[in-house]
Amino acid sequence: MAVDDVDGTLAAMGPRLRAAREHHGATLAGVSCATGISVSTLSRIETGRRKPTLEVLLHLSKEYGVSLDELAGTVPAAGPRATAPLSFGDDKVVLSLTRYVGGLHAHKHVLPALGDPPARPRQVSHEGYEWLCVLYGRLWLALGDQDLVLTAGDVAAFDTRTPHGVTNAGSGGPVEYLIMFGPQGERLRLRTPPAEAPVNRGPGRPR
């Protein structure tokens, strides 16, 4: 493998490691405690400001339950890990819609119905940019000092350095939503065809 290919592979591991950590349901602090790798080192690796060493990758591969091939992006896109949903202790289910590739990646989240009124979501902050779209139900998004209740069809986009957290907004049923996450400074680009010019039919002609 050429030097440029090695550098590119290492640089692309940051988003993959972040996605693997999110799928694992872990925080940077939790991973730091489990592996002995400092929070600042983990953060710099995930944001591409530092290349991971083999020792670090071995620790993180074991912690997240993924192979080095997956982190390097050298496994085929098809396979059980590409489609199998992951469940967490709070019954939240996360389905990956993309492989661990650099740049943008997408997940579908399902939060179960609640039996009791929800508490304000616990907030986190980190490098990156996020787009969130509610498919079904009512989602409580705590974004900084704001509290927003989003319903089906509502979309939110925000810099993830702003403290944020979500929970089911009520007991009426589950909530399903999509999340797209990208590197800091990344934005979705709206591309639409140009408006069709009006046809001049001339005077006296039906329109």
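Attention in this report is confined to the structure presented alongside it. Residue positions are counted from 1 within each chain, in the order its sequence is given. Local features are withheld for residues below a pLDDT of 70 in this predicted model, meaning they are given only at 70 or higher, and side-chain atom pairs are given and counted only at 80 or more; totals for whole chains, interfaces and linings count all residues. Heavy atoms from the whole structure form the basis of all side-chain values; hydrogens and water molecules are not counted.

Okay, the layout of surface pockets next. Of the grid points, spaced at 1 Å and generated over the protein atoms alone, those admitting a 1.4 Å probe that cannot get out make up cavities, while open sets with protein on both sides within 12 Å along at least five of seven lines make up pockets; any residue with an atom within 4 Å of a point is treated as lining. Grid points are joined across faces, edges and corners, and a volume is the space filled by probe spheres set on the points. The computed volume of the largest pocket comes to approximately 980 Å³. Contributing to the lining of the largest pocket are 34 residues, with K92, H109, R122, V124 and V166 lying nearest its centre. Secondary structure is summarised from DSSP: a helix means a run of H or I of at least four residues, a strand means a run of E of at least two, and numbering begins at the N terminus for each. Among the elements of the structure, α1 (3–24), β3 (105–111), β4 (129–136), β8 (164–168) and β9 (175–182) are those that each provide at least two residues to the lining of the largest pocket. It is β8 that contributes the most residues to the lining of the largest pocket, five residues altogether.

The buried label applies to any residue whose accessible area, calculated with a 1.4 Å probe on protein chains only, is under 20% of its type's maximum; exposed applies above 50%, and partly exposed to all values in between. By the burial criterion, the buried members of helix α3 (residues 39–46) are T41, L42, S43, I45 and E46. In the segment just after α3, G48 is the residue with positive phi, at about 80°.

We now examine helix α4 (residues 54–64). Taken together, the buried positions of α4 are V56, L57, L60, S61 and Y64. Axial view of α4: buried residues confined to an arc of 130°, hence all on one face. Among the exposed residues of α4, those pointing more than 90 degrees away from its buried face are L54, E55 and K62. The arc in question is the one traced by the directions running from the helix axis out to the C-beta atoms.

Attention now goes to a nonpolar patch on the surface. In this analysis, a patch consists of residues with relative accessible area above 30% that form no salt bridge, clustered at 9 Å for like charges and at 5 Å for the nonpolar side chains Val, Leu, Ile, Met, Phe, Trp and Tyr. Computed with the Shrake-Rupley method and a 1.4 Å probe, the accessible areas treat only the protein chains shown as cover for residues. Salt bridges are identified by distance alone: a Lys or Arg side-chain nitrogen within 4 Å of an Asp or Glu carboxyl oxygen. On the surface, L54, L58 and L68 cluster together into a nonpolar patch covering about 270 Å² of accessible area. Accessibility expressed as a relative area gives 46% for L58, which makes it partly exposed.

The next point concerns the pattern of salt bridges. When charged atoms on two side chains of opposite charge get close, those side chains can pair. Enumeration according to the criterion identifies five salt bridges in this entry. The shortest N-O distance in the salt bridge between E46 and R18 comes to 3.9 Å. In this pair, E46 sits in helix α3 while R18 sits in helix α1, placing the two residues 28 residues apart along the sequence. Both residues of the pair, E46 and R18, count as buried. Here E46 makes a salt bridge to R21, at a shortest N to O gap of 2.7 Å. Pair noted here: E46 is in helix α3 and R21 is in helix α1, with a separation of 25 residues, a long-range link. There is no split in this pair, since E46 and R21 are both buried.

The full count for this structure, using the stated rule, is one cavity of 30 Å³ or more. Approximately 30 Å³ is the volume attributed to the largest cavity. If you trace the largest cavity, you find it lined by L17, L42, I45, E46, L60 and Y64. Put simply, the parts of the chain that give the lining of the largest cavity at least two residues each are α3 and α4. Top contributing element to the lining of the largest cavity by residue count: α3, with three residues. Residue composition of the lining of the largest cavity, by class: five nonpolar, no polar and one charged. Gly falls in the polar group here, along with every residue not listed as nonpolar (Ala, Val, Leu, Ile, Met, Phe, Trp, Tyr, Cys, Pro) or charged (Asp, Glu, Lys, Arg).

Let us now look at the side chain of T35. Along the chain, T35 turns up in helix α2 (residues 28–35). Overall, the relative accessible area of 15% leaves T35 in the buried class. Whenever a nitrogen or oxygen atom comes within 3.5 Å of another N or O atom, the pair is scored as a polar contact, on the condition that within protein one atom can donate a hydrogen and the other can accept it, and that pairs from neighbouring residues in sequence are kept only if both atoms are in side chains. In this structure the side chain of T35 is engaged in a polar contact, spanning 3.3 Å, whose partner is the backbone nitrogen of I37. Among residues more than four places away in sequence, those in contact with T35 are H59, L60 and E63. Any pair of residues with heavy atoms lying within 4.5 Å of one another is described as a contacting pair.

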